Amino acid sequence: MAREQRRRGPPRLGQVRFFGSVVAADSFREDAIAGLSLPQKTLPPKYFYDARGSRLFEAICRLKEYYPTRCELSLTRGHLGEIARFVGKNCTLVEYGSGDSVKSRLLIGALHPAAYVPVDISEDALRNASDRLRREFPWLSILAVNGDFSRPLKIPLLTRQGRRVIYFPGSTIGNLTPEEAHAFLRMTRGQVGPEGAMLVGVDLKKDANLLHAAYNDARGVTAAFNLNLLARINRELKGDFDLRRFRHYAFYNAALGRIEMHLVSLRRQSVNVGRYRFAFEAGETIHTENSCKYSVEEFRALAAEAGFRGAKVWLDRKGLFALHGLVAV
Ligand code: TRP
């Protein structure tokens, strides 16, 4: 990325600059083979987001059972003035996992950042969102980074201007284990620097029935999203998963404070991925995702360990979801 920046010079205002894929082509194969070889088979959730997966995820966000998106949108709308005062004008707004950038649109309108740096693993979602934002906010510099935020990324040079603020909505932080979240927050603390801040959307602990419904929707969109990971392995890695022999399974693990998503093998079977073969017992699962839930205090403690002070927190009216305003200490 640094090289591209030097070659083409600094981006002008109101222009979209696209930083091409920094996701290694082979990493999907290696990660999938490694994960399926573990005693508890796992697949990393970042591979959910191919073009079809990104569309299915956007459909999940519109489901009536899936409350987090609605709650976060309404709490952001309801507290926009305060959020803007917390961040200040002319910042560089970096967003990790920007997807369709629906929530960012609200923030950009209210904060008037000097630059917006959306980072997303899905090239399609990133290009569509950047094009829309360019039309809607012609004055804004957009530096779109097609990459994997779970690894350290060099943020393009322009972002040295103004206060750096990292926006991490959607409770994506819940998809990391607490240990991974700690390491992630340490990394972002380094990226924003001593004057920096973060806005982090975090799903709260709540009635397990509500959680269960959110991850087991009646129309089966979440199931299709989960199973798409196997379809993607079939498409891209020469796999032969029979999707009728696996079923979506999500439950709340109260001891660990997290929703776990799995794919259950409905019978004893074996599956090939390229030249590898994996055996499944009936009922054996592939663990595909965690979605950890944090009380306000729990999340503030996690942030404090990484060098952030929980300065502000905004909740929706029903108290289901939290947006944390963190400042570097
Ligand atoms: N981060 C969100 C969550 O944990 C969104 C999400 C990721 C999600 N993967 C999902 C939602 C699978 C439903 C199903 O809730």
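This section reports on the structure supplied with the text. For clarity, every value in this text was computed on a predicted model and none was experimentally measured.

Spatially, four strands are ordered E2-E12-E9-E8 in an open sheet, and the strand pairing comes out mixed. At either margin of the open sheet sits one strand with a lone partner, and together these are strand E2 (41–42) and strand E8 (246–253).

Turning our eyes to something else, we now look at unusual backbone geometry. Even without being glycine, His112 reaches a positive phi, approximately 50°. Looking at where His112 falls in the secondary structure, it is placed in the loop between helix H6 (102–111) and strand E4 (115–120). Relative accessible area serves as the criterion here: at 39%, His112 is assigned to the partly exposed category. Of note in this structure, Lys238 is not a glycine but carries a positive phi near 55°. Its location among the elements puts Lys238 in the loop between helix H10 (221–237) and E8.

This brings us to the site of the ligand. Among the 14 residues in the neighbourhood of the ligand, the closest are listed as Tyr66, Asn175, Tyr215, Glu289 and Ser291. In this structure, Gly170 approaches the ligand through a main-chain N or O atom, which is 3.1 Å from a nitrogen atom. Within the contact set of the ligand, a nitrogen atom lies 2.7 Å away from a side-chain nitrogen or oxygen of Asn175. Contact with the protein chains hides 98% of the accessible area of the ligand, taken as 350 Å² for the molecule alone. When residues of the shell around the ligand are traced back to their parent elements, those giving at least two are helix H3 (51–61), H10 and strand E12 (285–292). Of the residues belonging to the shell around the ligand, the class tally is seven nonpolar, six polar and one charged.

One finds Leu93, Leu199, Phe241 and Ile286 to be the most contacted residues of the largest nonpolar core, which totals 63 residues. Looking at this core, the element that brings in the most residues is H10, giving seven residues. Membership of the second largest hydrophobic core comes to 30 residues, among which are Phe149, Val200, Leu302 and Ala303.

Looking at where Arg105 falls in the secondary structure, it is placed in helix H6. One polar contact links Arg105 to Glu136, side chain to side chain, over a distance of 3.2 Å. Excluding residues that lie within four positions of it along the chain, Arg105 makes contacts with Asp100, Arg132, Leu133, Glu136 and Phe137.

This part is about helix H7 (residues 123–136). The α-helix advances 3.6 residues per turn, and as a result positions three or four apart in sequence lie on the same side. The terminal C-alpha atoms of H7, which comprises 14 residues, lie 20 Å apart, in line with the 20 Å expected from a rise of 1.5 Å per residue. The complete set of buried residues in H7 reads Ala125, Leu126, Ala129, Ser130 and Leu133. The buried side chains of H7 occupy one side of the element, clustering within an arc of 120° when seen end-on. Across from the buried face of H7, at angles greater than 90 degrees, the exposed residues are Asn128 and Arg135. Elements that come into contact with the buried residues of H7 comprise strand E1 (16–19), H3, H6, E4 and strand E5 (141–146).

Moving on to the environment of Lys103. Looking at where Lys103 falls in the secondary structure, it is placed in helix H6. Owing to a relative accessible area of 14%, Lys103 belongs among the buried residues under this scheme. Dropping the residues within four chain positions of it, Lys103 is found in contact with Thr69, Glu72, Leu73, Tyr167, Pro169 and Gly170.

Before going further, it helps to examine the packing of aromatic side chains. What the rule picks out here adds up to 20 aromatic pairs. Taking the centre distance of 5.5 Å and the plane angle of 25° together, the rings of Tyr96 and Phe149 count as stacked. Of this pair, Tyr96 sits in strand E3 (residues 92–96) while Phe149 sits in the loop between E5 and strand E6 (164–168), and the two are 53 residues apart along the sequence. Residues Phe246 and Phe280 carry aromatic rings whose centres are separated by 5.2 Å and whose planes lie at 80° to one another, so their mutual orientation is edge-to-face. Remark: Phe280 occurs in strand E11 (residues 276–280) and Phe246 occurs in strand E8; sequence separation between them is 34 residues. Judged by its relative accessible area of 3%, Phe246 is buried. Among the aromatic residues, those joined into a ring-pair cluster are Phe48, Tyr49, Phe57 and Phe225. The cationic tip of Lys41 hangs over the ring face of Phe280; the distance from NZ or CZ to the ring centre is 4.7 Å. The ring of Phe28 has Arg232 sitting right over it, with the charged end atom 4.7 Å from the ring centre.

Turning next to the sheet that holds E3. Taken in spatial order, the eight strands line up as E1-E5-E4-E3-E6-E7-E14-E13 in an open sheet, and their pairing is mixed. At either end of the open sheet lies a strand with only one pairing partner, and these are E1 and strand E13 (308–315). Within the sheet, the average angular offset between the axes of one strand and its neighbour, ignoring direction, is 20°. In this structure, E4 lies alongside E5, joined through four bridges in parallel fashion. Looking across to E5, one finds that Tyr116 is bridged to Ile142. Each of E6, strand E7 (197–203), E13 and strand E14 (321–328) touches helix H5 (residues 80–87); the most contacted strand, E13, lies at about 165° to it. Here helix H8 (residues 178–192) sits on the sheet in contact with E3, E6, E7, E13 and E14, set at roughly 150° to E6.

Rules behind the numbers
- Residues numbered from 1 in each chain as written.
- Predicted model: local features only at pLDDT ≥ 70, side-chain atom pairs only at ≥ 80, totals over all residues.
- Heavy atoms only, no water.
- Pairing = 2+ DSSP bridges.
- Helix = DSSP H or I, 4+ residues; strand = E, 2+ residues; numbered from the N terminus.
- Buried < 20%, exposed > 50% of the residue type's maximum accessible area, 1.4 Å probe, protein only.
- Near = heavy atom within 4 Å.
- Polar contact = N/O pair within 3.5 Å; in protein donor to acceptor, adjacent residues only side chain to side chain.
- Areas by Shrake-Rupley, 256 points an atom, 1.4 Å probe, with all protein chains shown as cover.
- Nonpolar A, V, L, I, M, F, W, Y, C, P; charged D, E, K, R; others polar.
- Core = buried A, V, L, I, M, F, W, Y, C linked by side-chain atoms within 4.5 Å.
- Contact = heavy atoms within 4.5 Å.
- Expected span 1.5 Å × (residues − 1).
- Arc of directions from axis to C-beta.
- Phe/Tyr/Trp six-rings, centres within 6.5 Å; stacked < 30°, edge-to-face > 60°.
- Lys NZ or Arg CZ within 6 Å of the ring centre and 35° of its normal.
- Axes fitted to C-alpha atoms, helices over the stretch in contact; angles between N-to-C directions.

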